[in-house]
Amino acid sequence: MAGKRKIALACSECGSRNYTLVENPARVSRLEVKKFCKYCGKHTLHRETK
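Residues numbered from 1 in each chain as written. Predicted model: local features only at pLDDT ≥ 70, side-chain atom pairs only at ≥ 80, totals over all residues. Heavy atoms only, no water.

Asks: Help me get a handle on the environment of L45, residues and values and all.
Replies: With respect to the element layout, L45 can be found in strand β4 (residues 42-48). Distance in space between the C-alpha atoms of L45 and K34 is 4.4 Å, their sequence separation being 11 residues. Ignoring sequence-local partners within four residues, the contact set of L45 consists of A10, C11, S12, E32, V33 and K34. (Helix = DSSP H or I, 4+ residues; strand = E, 2+ residues; numbered from the N terminus. Contact = heavy atoms within 4.5 Å.)

Here is the structure:
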């Protein structure tokens, strides 16, 4: 289990970091997923942050 890093997903509209995931080291591009933002009150695009 060593080496597991957490990544945060931030809303593309308001910038709040609503979700965290465990990183998959095989993935090469940034993750982009449509998720519900409780601050915007709607489904928006959430992007992986640094």
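Next comes the rest of the write-up.
Asks: Lay out the packing of aromatic side chains in plain terms, naming residues and giving numbers.
Replies: Tallied over the full model, the rule gives 0 aromatic pairs. For the cation-ring pair, K35 lies above Y19, with the distance from its terminal atom to the ring centre recorded as 4.7 Å. (Phe/Tyr/Trp six-rings, centres within 6.5 Å; stacked < 30°, edge-to-face > 60°. Lys NZ or Arg CZ within 6 Å of the ring centre and 35° of its normal.)

In short, the description is geometric, and any link to function would need to be established separately.
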